[in-house]
Amino acid sequence: MGLGEKAALSLGFKAAMGLGEKAARVIALIVNIEAAALVVYELLYVLYQVTYVSEHYAIFFGAVFTMAVLMHIEETLRKGPEGSRTFFTVKLLLLSSSMLAALFAAFYIRTHILRLEEEVGLLNQTDIAVGLMSLASLCIAGWFIWGRILVFFLILLNFNSNPFTMLASPPLDGNGLNPQLQTPLMVIHPPLLYIGYVGFSIPFAFAIAALLSGRLNDVWIHRTRRWTIFSWFFLGIGILLGAYWAYIELGWGGYWAWDPVENAAFMPWLPATAFLHSVQVQERKQMLKVWNLSLIIIAFSLTIFGTFLTRSGILSSIHAFSSGPVGIIFLAFLAFILLTSFGLLAWRSKQLRGQPELDSLVSRESAFLLNNVVLVSALFTIFLGTIFPLISEAVAGVQVSVGAPYFNSVTVPLFLLLVFLMGVGPMIAWKKASWDNLRRNFLWPTVASFVVALFLFIWLVRDFLPLLGFTLLSFVVFTILFDTTLAVRARHRIAGEGVFSALVTLARRNQRRYGGLIVHLGVVLIFLGIAGSMSYSIEREVTLQIGEGLSIGRYHIQFEGLKRSQQPTHSRVEGAFRVFNEGHEIGVLSPALKFFPNQKSPVGRAVYRSTFIEDLYIILSGFSEVEQNQATLKVLVRPLLAWIWIGGFVIFLGTIVAVLPGRRKLA
Amino acid sequence: MPWRRILLTLAVILPLVGVLAFGFSRDPRYIASPLIGRPAPPFTVTLFDGKKLSLADLRGKVVFLNFWASWCPPCRAEARDLEAVWQRYRDKNIVFLGIDIQDTEKEAFAFLKEFQITYPNGRDASGKISIDYGVWGIPETFFIDPEGRITYKHVGGLEYPIIVAKLDEARRGLISAKEGKGAYQSIR
Amino acid sequence: MPSLVILVLSLLVLPTGLQAQPTDLEEQLRAISKELRCPVCQNLSVADSPSEMAQQMRALVLKQLKEGKSPEQIKAYFVSKYGEWILLSPTTKGFSLLVWILPFIALTGGIIFVLLVARRWVQRKGESRPSEVDPALIQRVQQDVSTERVWEIDPEIEGPRAHLLNEQARLYTELQELEFDYQAGRLSESDYQDLRPRYEAQAAKVLRELDSSPAEAMSKKRPHRAERQAKDAGQAQNGKAPSRRGWIFAATGAFLLVFGVTLGIFLSKSLRPRGSEQDSITGDFLTGTGPGGLSADPGMRRADLQSLLTQGHAAFERQDWSQAIDAFKKVLAIDSDRPEAHTYMGLILTQAGHVDGALLAFNRALSTNPEYPLALWGKGMVLYRDKGDLSGARQNLQKLVSLLPSGKERFEVQKTIDELTNRQATPAKSKQSVTNPSRIEGTISVDSKLKAKLDSGDALFIIVRSANSAKGPPLAVKKIDRPVFPLSYSLGPENMMMSGRPFGGKVNVSVRLDRDGNALTREPGSLMGTYEKNPVEIGTQGVDIILDQVL
């Protein structure tokens with residue numbers, strides 16, 4: 001019995017080892033059922049308890065929002081020290097997560113039972129038992145630990161910050177949900193983000209199981225990679241939807257504020273991305289094991305860190321709330337996770353040491369290593385910036401703020417480097433790239449992107465950073481185009497396929513590669529949108545009398561009057577602005593200020609007009625109360641911004657191509 | 001046992017957890033003022049009775065400078081105590097001065113009337129004075145000594161004994177090391 | 001890449017470049033206020049914040065710019081007031097310098113480290129030399145690779161040969177890719193000639209090892225589900241397998257069914273409302289925690305019921321709603337069907353204006369005990385007063401009359417039924433009284449924080465003043481003694497202070513809860529409230545006022 005088994009024993013693994021594999025499997029099953037039952041139970045409980053109040057609110061907001069409303073009522077009634085005007089509350093998240101956890105659990109039970117079936121089917125073939133047992137113990141360890149994590153969250157849900165306590169006193173004068181959360185996006189965005197967040201516990205559980213059991217072969221990579229793609233994808237889409245929500249609902253014309261909690265959502269995405277790249281090196285060369293395990297642990301710890309930030313309120317953020325004992329519990333959990341997992345990693349490091357060898361410094365392996373360095377540096381930067389106010393106050397006693405200007409200036413070079421590597425990495429040869437290989441693969445893309453750069457320089461872009469950015473982005477696109485063209489031509493030569501069928505064959509033969517390339521294109525589009533909207537935004541804030549107008553970019557905006565109206569839920573002041581694009585009228589846009597009876601300050605409803613070239617975004621920021629003939633408005637023109645959302649969609653497509661089953665059928 | 005690696009792990013993780021734990025000891029919204037011990041920024045304010053008052057004219061007196069608004073509950077809570085101290089110490093070379101911020105004149109009047117406040121009060125319509133004093137949460141009170149230096153700053157509601165004690169310190173020119181803190185209302 | 005085409009085209013049609021038009025001053029203002037943190041917001045810059053404070057700060061920045069101050073001077077001014085905290089990007093001096101340089105140290109350090117390590121790995125590679133292999137094996141490798149077959153690495157397989165099989169699949173895949181890259185022109189002739197023999201030699205080595213290990217080990221490969229299905233479909237070599245699989249599926253299905261049913265029973269048995277925040281929902285059925293987490297002794301539960309009901313009832317009489325709700329909740333936790341508790345919950349919800357919730361509660365009470373008088377009364381009244389469902393109300397109340405012994409209560413109910421019948425007879429008239437244009441109607445409630453200040457001796461004054469003249473006596477006043485909140489009121493010409501003046505036009509509505517009931521004196525401690533959207537037109541409904549100020 002190795003050290004791993006001993007550790008497993010000490011962790012309550014006695015049953016697994018002492019009673020044999022079957023019993024162990026049953027235990028794992030019970031753990032999962034227990035977790036699932038708790039979750040389902042919470043859900044039923046909500047449905048059961050909520051009946052008194054929900055109907056009243058359902059009329060008001062529609063059934064979809066009821067859940068969120070309940071959270072809010074509870075918050076209102078408890079009246080935490082900071083009040084209850086929070087944006088998406090963690091309570092909302094916890095609720096959606098518990099639903100998702102239920103789905104997860106159901107899924108797990110399904111897979112588990114199916115696996116049981118598979119193994120039962122094989123059990124009478126006695127000679128296979130030994131091999132399977134090792135596999136099963138690994139699975140069980142994974143499930144076991146995953147179950148524990150789930151239970152931890154459930155315990156928090158139950159005892160500390162229970163979102164379901166509302167019925168202790170019905171909301172005689174509840175405030176209703178924050179109006180800005182009353183959008184369908186808010187029903188999708190937090191759950192997606194939370195699938196991402198919770199999802200990272202699965203790769204983590206597999207990693208820890210592998211470390212504990214000492215079975216450090218390829219099995220865990222395979223599983224972990226799949227689950228990481230899953231969580232990575234949902235986290236990424238969740239973040240994008242959050243940005244989209246901020247853009248269309250919050251009415252400040254931006255989509256990303258580098259707020260601590262936004263950073264916390266983004267941070268796990270970076271090591272996950274790094275892992276998805278470096279795991280390919282491990283698959284091919286059996287090296288970087290410690291590194292990959294570290295990335296998984298870091299990604300998971302960051303999800304805990306993010307929850308901790310939101311719950312503890314130690315940093316000022318629009319998403320954070322007042323502190324409570326939950327913060328301390330999360331910190332303790334974070335410390336525990338970090339210490340045990342990295343401790344385990346250090347302890348197992350001898351077994352993990354491979355025989356790393358490289359053929360050449362100029363190879364895809366090195367490109368991936370560099371990609372990892374850049375991604376982790378970006379992670380480090382964002383992390384440092386996020387907690388630097390704390391460090392500074394603790395060490396130097398100086399209160400400082402680290403906000404958007406800092407993050408923008410520091411991360412831009414890192415991301416530009418990343419874009420460059422994105423162009424180089426997928427095309428450079430594995431093992432060893434000769435000069436000839438480099439010339440063949442990169443000559444034409446480089447030339448083409450230089451042409452683009454020249455073109456941009458002459459016609460449009462004179463500033464260095466945007467020019468560099470656009471050039472690098474075009475470089476990535478050209479490498480992908482060039483590479484695909486070569487491959488299609490080869491298919492044509494080999495099998496005589498046409499362009500389309502060649503593309504299909506290529507994608508099916510190597511789903512991960514081509515799915516990955518599509519994801520890269522999506523990322524390029526997102527970067528394009530960010531670069532355009534960051535570098536060349538125009539913004540004006542002007543007070544206009546009726547009949548006056550203002551010019552911004554190619555647009556001219558004419559103020560035509562204010563209209564006050566009473567809506568079922570609120571009263572609203574709308575401004576009518578006739579918008580002209582280079583003299584052509586494109587219509588009347590009417591941004592509004594909504595006055596909700598329960599809210600002190602009005603909520604703005606910005607309007608925007610989106611095109612592939614640029615977005616026009618109008619915010620009504622004030623009006624003259626008395627005569628209503630004067631309005632203050634803020635107008636932004638943000639070039640290329642729509643490409644961010646298109647990019648998100650492309651990433652979605654790419655991920656689907658990468659994970660769709662189908663390759664096996666070809667064989 | 002790879003002790004070196006384990007120690008390295010600890011060396012990274014423990015300070016990190018420490019820094020995060022430190023976060024619990026502070027209020028993230030609190031902004032420490034760099035003004036304590038510095039000369040009070042000069043200003044001239046139009047009082048509600050129409051007269052103008054300059055801080056410079058008050059040199060040689062202890063000045064109790066209070067920022068408030070009628071919509072702020074902690075301001076209401078402390079108003080009676082402020083007036084009581086003023087009634088008791090008004091002849092002892094001490095000046096109370098209230099600056100009303102982010103308020104309408106009508107509501108401010110109602111506030112003054114409700115609490116029967118008799119010390120001079122003025123309105124800072126443009127916000128210039130409050131920005132000059134780095135105000136962020138009200139009530140915010142500055143104690144200024146006869147030399148014109150800020151000796152103490154208190155964010156949040158004040159009570160009779162503290163006011164008296166800090167007025168005395170200001171009279172003697174004693175500069176407090178720390179800001180005071182009570183229940184405050186973030187301004188808008 | 002149509003997106004790129006669109007992009008390029010879109011860039012083409014952009015005129016005169018992407019230059020901003022706003023004035024220089026505006027630009028500078030934006031640049032500076034983007035760098036400043038709004039002191040009252042939660043992480044917004046002064047430029048982005050809509051707060052009054054940020055507006056004032058922007059105005060100040062603009063003023064200073066017009067005075068000819070440089071951006072540095074303006075920022076320094078704000079730093080002198082709020083400290084370095086106000087700068088959204090930390091200074092590059094002192095300790096804050098770290099946050100600027102550490103990322104780049106990390107990046108360059110990381111790159112250098114990786115390059116050094118990679119170089120060591122490259123050197124290590126150079127030391128090992130490939131050994132000679134059998135040309136026949138090489139040929140086999142070439143043959144295997146030249147097929148279109150996809151060699152998949154299946155990490156799920158186990159066994160002594162798993163490693164070799166995967167290694168083989170990996171090398172074959174790489175050889176196929178190499179071949180394809182060469183065909184595609186990504187690889188030069190020399191690179192191809194250099195790399196291919198190396199891979200082939202490795203693959204041949206793996207093949208040799210595979211051949212030397214026992215062939216029957218092949219069966220140790222745990223077939224993948226998909227493969228197994230394919231195998232079954234194609235060869236049907238194992239006659240037993242399908243029937244066994246059917247059995248397994250049936251067992252799984254049965255298990256799921258039993259599981260679901262058990263879960264259902266288990267859950268409904270252990271469902272329990274939470275008595276307090278610390279309470280667990282995993283009630284006594286699971287963990288043995290007592291009702292509402294308050295009592296650890298399960299034996300006490302039933303006995304508690306009566307005292308809880310009494311408590312709740314007393315609290316209800318005191319109009320201490322939250323206490324009453326607490327008590328009745330606990331009752332429901334022990335006995336979820338208790339009609340008394342549901343009825344009182346219903347009454348409380350009626351008070352709060354949650355009509356539908358109240359109806360639901362009454363119905364629940366009646367479902368257990370269809371002759372529970374209080375529930376019948378409550379339901380009847382809700383239907384009558386709030387829902388306008390006169391026939392439904394009548395039905396309930398008549399049932400109640402038939403149940404009640406003759407006495408005062410029965411007389412009251414009968415009176416209500418008569419009133420109701422009258423109204424039913426003259427619906428038009430009753431409707432008119434609801435939407436009387438010369439009335440003001442709404443509800444009055446108390447801010448939850450001030451509930452403690454309520455006193456039973458209070459009198460409530462609803463005061464209507466003309467919006468035009470703030471001075472003088474109010475237009476109309478209505479006094480309500482010993483009010484019960486929330487309360488709905490209706491105020492009309494009969495409440496006017498001075499007859500003769502028209503009751504109409506714009507008015508301001510306010511309420512005062514007076515300590516001694518004398519409208520002319522204003523005692524400290526009295527509660528005040530004004531309508532949020534004053535002034536209102538007479539005839540407005542839903543003039544809801546919250547008592548939220550203390551005199």
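One structure accompanies this document, and this report is about it.

Thresholds, definitions, all that
- Residues numbered from 1 in each chain as written.
- Chains lettered and ligands numbered in written order.
- Predicted model: local features only at pLDDT ≥ 70, side-chain atom pairs only at ≥ 80, totals over all residues.
- Heavy atoms only, no water.
- Contact = heavy atoms within 4.5 Å.
- Buried area = accessible area lost by both parts, 1.4 Å probe.
- Salt bridge = Lys/Arg side-chain N within 4 Å of Asp/Glu carboxyl O.
- Nonpolar A, V, L, I, M, F, W, Y, C, P; charged D, E, K, R; others polar.
- Phe/Tyr/Trp six-rings, centres within 6.5 Å; stacked < 30°, edge-to-face > 60°.
- Helix = DSSP H or I, 4+ residues; strand = E, 2+ residues; numbered from the N terminus.
- Buried < 20%, exposed > 50% of the residue type's maximum accessible area, 1.4 Å probe, protein only.
- Lys NZ or Arg CZ within 6 Å of the ring centre and 35° of its normal.
- Pairing = 2+ DSSP bridges.
- Axes fitted to C-alpha atoms, helices over the stretch in contact; angles between N-to-C directions.
- Core = buried A, V, L, I, M, F, W, Y, C linked by side-chain atoms within 4.5 Å.

### Notes on the interface of chain B and chain A
Bring the parts together and some accessible area is lost; that lost area is often taken as the interface size.
Then step 1. Taken together, the 22 residues of chain B in the interface contact 28 residues of chain A.
Then step 2. Carbon and sulfur atoms make up 74% of the surface buried where chain B meets chain A, a total of about 2,200 Å² over both sides.
Then step 3. When the buried surface of chain B facing chain A is broken down by residue, Leu 20, Phe 24 and Arg 26 of chain B rank first, second and third, together holding 29% of it.
Then step 4. Our count for the contact surface shared by chain B and chain A stands at zero salt bridges.
Then step 5. Residues that form the side of chain B that touches chain A fall into these classes: 17 nonpolar, two polar and three charged.

### Observations concerning the packing of aromatic side chains
Then step 1. Enumeration according to the criterion identifies 42 aromatic pairs over all chains in this entry.
Then step 2. Each ring, one from Phe 415 of chain A and one from Phe 527 of chain A, has its centre 5.8 Å from the other, and the planes form 45°; the classification is tilted. Of this pair, Phe 415 of chain A sits in helix H14 (residues 404–424) while Phe 527 of chain A sits in helix H18 (residues 511–535), placing them 112 residues apart in sequence.
Then step 3. Among the residues examined, Phe 527 of chain A registers a relative accessible area of 18% and is labelled buried.
Then step 4. What links up through ring pairs into an aromatic cluster is the set Trp 232, Trp 256, Trp 258, Phe 266, Trp 269, Tyr 406 and Phe 407 of chain A together with Trp 100 of chain C.
Then step 5. The ring centre of Tyr 89 of chain B lies 5.1 Å from the NZ or CZ of Arg 88 of chain B, which sits over that ring.

### Concerning the sheet that holds strand S1 (residues 538–545) of chain A
Pairing between the strands of a sheet is mediated by backbone hydrogen bonds and can be parallel or antiparallel.
Residue and element names in this part refer to chain A.
Then step 1. Reading across from one edge, S1-S10-S9-S8 is the order of the four strands in this open sheet, with antiparallel pairing throughout. Edge positions in the sheet fall to S1 and strand S8 (607–610), since each of these pairs with one other strand and no more. Going from strand to strand, the sheet's axes swing by 15° on average, the running direction of each strand aside.
Then step 2. Examined bridge by bridge, strand S9 (residues 614–623) and strand S10 (residues 630–639) share nine bridges and lie antiparallel to one another. When the sheet's bridge partners are listed, Tyr 617 is paired in S10 with Leu 636.

### Comments concerning the nonpolar core
Then step 1. With 152 residues, the main nonpolar core has Trp 232, Leu 270, Phe 305 and Trp 645 of chain A together with Leu 20 of chain B as its most contacted residues.
Then step 2. Top element by residues in this core is helix H13 (residues 364–396) of chain A. It accounts for 15 residues.
Then step 3. Contacts of Leu 270 of chain A, omitting those with residues within four sequence positions, involve Leu 375, Ala 378, Leu 379 and Ile 382 of chain A.
Then step 4. By size, the runner-up hydrophobic cluster in this structure holds 75 residues, among which are Val 45, Cys 72, Trp 86 and Phe 111 of chain B.

### Let's talk about the environment of Gly 199 of chain A
Residues and elements named next belong to chain A.
Then step 1. Of note, Gly 199 is situated in helix H6 (residues 184–199).
Then step 2. What makes Gly 199 buried here is its relative accessible area of 0%.
Then step 3. Along the chain, Gly 199 and Phe 234 lie 35 residues apart, while their C-alpha atoms are 8.6 Å from each other.

The values are spatial; any link to function lies outside them.
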